[in-house]
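Read off the chains here:
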Amino acid sequence: MSGTSGTDTDGGRAGDGAAEPAQDQNRARAERKGSRLDGQPLEYAPAPESRSVVRLREAYDPFIDGEFVPAETGEHLTTANPADEEPLAQVALCGEADVDRAVAAARRAFDAVWRELPGAERGKYLFRIARILQERSREIAVLETLDNGKPIKETRDFDVPTAAAHFFYHAGWADKLAFAGMGPDPRPVGVCAQVVPWNFPLLMLAWKIAPALAAGNTVVLKPAETTPLSALLFAEVCQEAGLPPGVVNIVTGDGGTGRTLVEHPGADKVAFTGSTEVGRGIARALAGSGKRLTLELGGKGANIVYDDAALDQAVEGVVNGVFFNQGHVCCAGSRLLVQESVAEEFLERLRARMALLRLGDPLDKNTDIGAVNSAAQLERIRDLAETGRAEGAHAWSPPCPLPERGHWFPPTVFTGVTQAHRVAREEVFGPVLSVLTFRTPEEAVAKANNTPYGLSAGVWTEKGSRMLWTAERLRAGVVWSNTFNKFDPASPFGGYKESGYGREGGRHGLEAYLA
Amino acid sequence: MPQTASAAEQAPTNRALREFLHGLPGVDEVGARERAAGLATRSVKTTAKAAALDLAVRMVDLTTLEGADTPGKVRALAAKARRPDPDDPSAPSAAAVCVYSDLVGVAVEALRGSGVGVASVATAFPSGRAPLEAKLADTRRAVADGATEIDMVIDRGAFLSGDYRKVHEEITAVKQACGGAHLKVILETGELATLDNVRRASWLAMGAGADFIKTSTGKVAPAATPPVVLVMLEAVRGHRAATGRTVGVKPAGGIRTAKDAVRNLVMVQEVAGPRWLDPALFRIGASSLLNDLLMQRSKLRTGAYAGPDYFTID
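Here the structure is a predicted model, which is why all the values come from computation and not from measurement. (Residues numbered from 1 in each chain as written. Chains lettered and ligands numbered in written order. Predicted model: local features only at pLDDT ≥ 70, side-chain atom pairs only at ≥ 80, totals over all residues. Heavy atoms only, no water.)

Asks: Got a minute to help me understand the overall build of chain B in this structure?
Replies: In terms of helices and strands, chain B carries 14 helices and eight strands. Relative to the 2.2 N^0.38 estimate, which gives 20 Å for 314 residues, the radius of gyration of chain B is 19 Å and therefore close to what a compact globule would have. Projected onto its principal axes, the C-alpha positions of chain B cover 60 × 45 × 30 Å. Residues classed as buried in chain B amount to 58% of the 314 residues present. Taking the intrachain contacts of chain B between residues at least 6 apart in sequence as the baseline, contacts between residues at least 24 apart amount to 75%. Accessible surface, chain B as shown: approximately 11,600 Å² in total, 52% of it carbon and sulfur. Across chain B, the centroid of the 39 positively charged side chains sits 3 Å from that of the 34 negatively charged ones. (Helix = DSSP H or I, 4+ residues; strand = E, 2+ residues; numbered from the N terminus. Rg over C-alpha atoms; globule rule 2.2 N^0.38 Å. Buried < 20%, exposed > 50% of the residue type's maximum accessible area, 1.4 Å probe, protein only. Contact = heavy atoms within 4.5 Å. Areas by Shrake-Rupley, 256 points an atom, 1.4 Å probe, with all protein chains shown as cover. Lys, Arg positive; Asp, Glu negative; His and termini not counted. Charge placed at Lys NZ, Arg CZ, Asp CG, Glu CD.)

In structure tokens, the structure reads:
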């Protein structure tokens, strides 16, 4: 791993055309006068967010029927901090009996309480949950960072506020469902089995639970094996909000638990976010069962940068598009398609910008890139990066020492990539950018669409007509223009082709939860 | 972008300037605002904060630009710039004082031997609405009286009407009149309105010989907003890459707290590069900022905030 850090198979480092990385000038510093900076870098002192706001329990039980009750399996999994591999807590490995209990509790709550509750009353619970998420935001942000490895600045400024926004937004829908375009009196579907991934544990939970509850459904949710803690904290939030027992149930466990849940005969609707491979298995298992299914799967998003783009902002957008959340984003802009006439200048600026990315302690407020969530994911990223090199693409990473413990991968850009390379086709789900060039708008669109996925894309140009022309032709569920990774609860999100089906968020997202 | 820079210098016809300036990559306002806001979340603590505060003090152009300015007021300001915190000899001096041209002599006298520079606004500050001869006379007089730095304003009317050549010629002429004095060119970004204009005006001024580009007069709001400073820092970085010449940046107007000042330094470091973390290449035009910097300095040293009466008002 350390072998890739700071390597430069192209031989080109950031030139004068952009900010010089701080590390460069350290050595010269001592020679300068006194303690004054005078052209020397300002070294940010460590600014760690305190862990003390979080009280971790030694072991966590699943949340069923309003209470934390021991799993009948008696088995546990350990969840660890990916930044230092220290175990954080034991969580229950739920089995069939536990899933049965959770689904039964959800059914009782649906029939006895929730479906008949006036929408305005359901909305009050959702507003309450949203406010509690805001009140406990610091605690949730720190916990999410500990369990997931993502930087505190992202959990603090993105994950938690956006999760709260989803509850606020859907709270507003709860008594206005007649206006959702689903007829004058749309009805809830029933019990929803929901399985969420590890990349945005709390936010994906919010995307799933908020619309389900607003529409009058009850929920059994399984968080990812490696990131169960924020969902269990969310269970506490439900208790604090006085949510009727059984409306939200959280069962923890591994892939087997998830399979048991989605295949459970008591579930009326299944919502899954995760890998295409698992999604395909779920679709197969559910075929003919009559259950509703929405899938939000992988992606290989293209960021198209035209020669007339606002280059400095496009660089920011590309960096944000692929290095946000260590690249563990299904809609990541992991392919850069840059017009050949500006490619060299753009890459020079991009490399210089990448040299400023700060990788390290996720709890430090100045950290831009945190830890890879698990050893297994790190292995997959390394494997694909190795394949990229073996296939002849040039890898470049800025000078970037990696911590000794934990799972880390440096931000990496591959140049000399073609459509035929695996790094250009397969989802890496890590901080790895593949750069391809194009000559004409037609070629850009053809290359962007030439992927089995179709989740996201970006278009960078200052010319409105070209922007619209391009966006119209991109087969992706979301197309951002002159920005990237913008998420609003009012905006539907979802994919084409192997990126899944169904939409989450907005009026379209309600459709999955209403009959 | 870089290749045409020298062409613009050699052939400052309106057409050539227009082609060059409008050929620069655009600025996306939303993206620039977002980047500036992102950098504002950098957490600068303990040792980093101490270094940043000291550097910020040394970058202050302590300014008084009032119709009511008197020799007495300027002498008081000079004393403050020379020794900002009488209780703490370790507090560095400010970079310069900035006054109207008729008070340059007073400032020079008061600052003799201190190493603190004397900057003078000139060229019909703040509006810039005067004949070129008057602007040049203003400049020459300030330099003759001992000003080491001249802060000129561009003709925003000419810029907005597309007469880039006029703006270019005025800057060139004033630069010549400056002799050995450093020339800071005030773009008055609040009147240029768009970030595309800020980028163009920055390149225009740099191409015409500016040693510094400066955001504002302080008489127009908005002044030194973070996105504007960001775009100007991108411009000096790009200009150095294209021509090898390093131009400084001076935000002025609206930077009142130590926190704002430190955020500016973070932008300098991460947008232009550490090279610009130097009073020779980055200044902050301010008046009330200085005492907040001193207050934060003393808080770091003593662990407690002293009240405002423990810091001299001028």
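Further notes follow.
Asks: How do you make sense of the overall build of chain A when you look at a structure like this?
Replies: Assigned secondary structure in chain A consists of 16 helices and 18 strands. Computed over its C-alpha atoms, the radius of gyration of chain A comes to 23 Å, within 12% of the 24 Å expected for a compact globule of 515 residues. Referenced to the eigenvectors of the C-alpha coordinate spread, the extents of chain A come out at roughly 75 × 50 × 40 Å. Of all 515 residues assigned to chain A, the portion counted as buried reaches 62%. The long-range fraction of contacts in chain A, counting pairs at least 24 apart against all pairs at least 6 apart in sequence, stands at 75%. Surface exposure of chain A reaches about 18,500 Å², of which carbon and sulfur atoms provide 50%. Across chain A, the centroid of the 55 positively charged side chains sits 4 Å from that of the 67 negatively charged ones.

Asks: I keep staring at the nonpolar core and nothing clicks. Help me out?
Replies: Considering soluble globular proteins, one finds that nonpolar side chains tend to be buried as a cluster. F167(A), F234(A), V305(A), L336(A) and L350(A) are the most contacted members of the largest nonpolar core, which has 113 residues in total. The dominant element in this core, judged by the number of residues it contributes, is helix α6 (residues 201-214) of chain A, at eleven residues. With residues up to four places along the chain from it excluded, the contact list for F167(A) reads L126(A), I129(A), A130(A), L133(A), A206(A), I209(A), A210(A) and F234(A). Judged by nonpolar contacts, the second largest core, of 101 residues, contains A81(B), V108(B), V268(B) and A286(B). (Core = buried A, V, L, I, M, F, W, Y, C linked by side-chain atoms within 4.5 Å.)

Asks: Just checking my understanding: could you explain the sheet that holds strand β17 (residues 478-481) of chain A for this structure?
Replies: Pairing between the strands of a sheet is mediated by backbone hydrogen bonds and can be parallel or antiparallel. Residue and element names in this part refer to chain A. If you walk across this open sheet you meet the seven strands as β13-β14-β15-β12-β11-β16-β17, and the pairing is mixed. Where the open sheet ends on each side, the last strands, each with one partner, are β13 (394-396) and β17. The average undirected angle you get between the axes of adjacent strands in this sheet is 20°. Where strand β11 (residues 302-305) lies against strand β16 (residues 456-460), four bridges are found, and the strand directions are parallel. The partner of A302 across the bridge, within β16, is A457. Helix α10 (residues 311-323) rests against β11, β12 (335-339), β14 (412-415), β15 (432-438) and β16 of the sheet, and its axis sits at about 175° to β11. (Pairing = 2+ DSSP bridges. Axes fitted to C-alpha atoms, helices over the stretch in contact; angles between N-to-C directions.)

Asks: Please clarify how the domain arrangement of chain A should be interpreted in this entry.
Replies: Think of interface size as the accessible area that goes away when the parts come together; that is how it is often given. Residue and element names in this part refer to chain A. Per the domain assignment, the segments making up chain A are domain 1 (51-297 + 496-513) and domain 2 (299-481). On a C-alpha basis, the centres of domain 1 and domain 2 stand 30 Å from each other. Between domain 1 and domain 2 the total buried area reaches about 2,800 Å² when both faces are included, carbon and sulfur atoms providing 55% of it. Summed over the three residues of domain 1 that lose the most area to domain 2, namely W198, Y496 and K497, the buried surface amounts to 21% of that side. Run the count over domain 1 and domain 2 and you get two salt bridges. Counting across the interface, domain 1 meets domain 2 through 19 residue pairs in polar contact (both at pLDDT 80 or more). Within the residue set of the side of domain 1 that touches domain 2, elements represented by two or more residues are α4 (137-148) and α5 (152-173). Class assignment for the residues of the side of domain 1 that touches domain 2 results in eleven nonpolar, eight polar and 13 charged. (Domains from an automatic or database assignment. Buried area = accessible area lost by both parts, 1.4 Å probe. Salt bridge = Lys/Arg side-chain N within 4 Å of Asp/Glu carboxyl O. Polar contact = N/O pair within 3.5 Å; in protein donor to acceptor, adjacent residues only side chain to side chain. Nonpolar A, V, L, I, M, F, W, Y, C, P; charged D, E, K, R; others polar.)

Asks: Which parts of the structure should I look at to understand the sheet that holds strand β6 (residues 212-214) of chain B?
Replies: All names here are of chain B. Judged by pairing direction, the sheet is parallel, and its eight strands sit side by side in the order β7-β6-β5-β4-β3-β2-β1-β8 without closing on themselves. This sheet does not close on itself; its edge strands, each paired only once, are β7 (248-250) and β8 (284-286). Pairwise comparison of adjacent strand axes, ignoring direction, gives a mean angle of 25° for this sheet. Taken together, the three bridges between strand β1 (residues 60-63) and β8 define a ladder with parallel strand orientation. Opposite V60, over in β8, you have I284 as the bridge partner. Contacts from helix α9 (residues 164-178) reach β4 (149-153) and β5 (182-186) within the one sheet, and its direction differs from that of β5 by about 150°.

Asks: How should I be thinking about the confidence of the model for chain A in this particular structure?
Replies: Note: predicted coordinates in regions of low pLDDT should not be interpreted at a detailed level. Residue-level pLDDT values for chain A average 93, and 93% of them are 70 or greater. Note that pLDDT drops below 50 for residues 1-35 of chain A; the model gives that stretch 74 contacts with residues more than four away or on any other chain. (pLDDT = per-residue confidence, 0-100.)

Asks: Where do I start with the interface of chain B and chain A in this structure?
Replies: Each partner contributes to the interface: chain B provides 38 residues, whereas chain A provides 38 residues. Between chain B and chain A, a total of about 3,200 Å² is buried, with carbon and sulfur atoms accounting for 47% of that surface. Ranking the residues of chain B by area buried against chain A places R42(B), R237(B) and P274(B) at the top, with a combined share of 18%. Summed over the shared surface of chain B and chain A, the number is six salt bridges.

Asks: What is the right way to read the environment of A283(A) from this model?
Replies: Residues and elements named next belong to chain A. Relative to the helices and strands, A283 resides in helix α9 (residues 276-286). On the basis of relative accessible area, A283 is assigned to the partly exposed category, the value being 26%. Along the sequence, A283 and C330 sit 47 residues apart, while their C-alpha atoms lie 19 Å from each other. For A283, the residues in contact, after removing those within four places along its chain, are L293, L295 and Y501.

Asks: What exactly am I supposed to notice about the pairing of β16(A) here?
Replies: Residue and element names in this part refer to chain A. Most of β16 is tucked away, with five of its five residues classed as buried. Relative to β17, β16 runs parallel, the two sharing four bridges. When the sheet's bridge partners are listed, S456 is paired in β17 with V478. Regarding the hand of the β-α-β motif, the stretch spanning β16, helix α15 (residues 464-473) and β17 is right-handed. (Right-handed = clockwise from strand over helix to strand, strands pointing away.)

Asks: What am I meant to see in helix α2 (residues 14-22) of chain B here?
Replies: Every α-helix carries 3.6 residues per turn, so stepping three or four residues along brings you back to the same face. Residue and element names in this part refer to chain B. Within the span of α2, buried status applies to L17, F20 and L21. Across the axial projection of α2, the buried residues extend over an arc of 90°, all falling on one side. Opposite its buried face, α2 presents the exposed residues R15 and E19, each directed more than 90 degrees away. (Arc of directions from axis to C-beta.)

Asks: How should the packing of aromatic side chains be read in this particular structure?
Replies: Each aromatic ring pair is specified by the distance between its two centres and by the angle formed by the two planes. Residue and element names in this part refer to chain A. One pass over the structure, following the stated rule, counts 18 aromatic pairs over all chains. Here the aromatic rings of F127 and F168 are separated by 6.2 Å at their centres, their planes lie at 50°, and the arrangement is tilted. You can see F127 sitting in helix α3 (residues 119-135) and its partner F168 sitting in helix α5, a full 41 residues away along the chain. A ring pair is formed by F487 and F493, whose centres lie 5.8 Å apart and whose planes are at 55°; its orientation type is tilted. Both residues of the pair, F487 and F493, belong to the buried class. (Phe/Tyr/Trp six-rings, centres within 6.5 Å; stacked < 30°, edge-to-face > 60°.)

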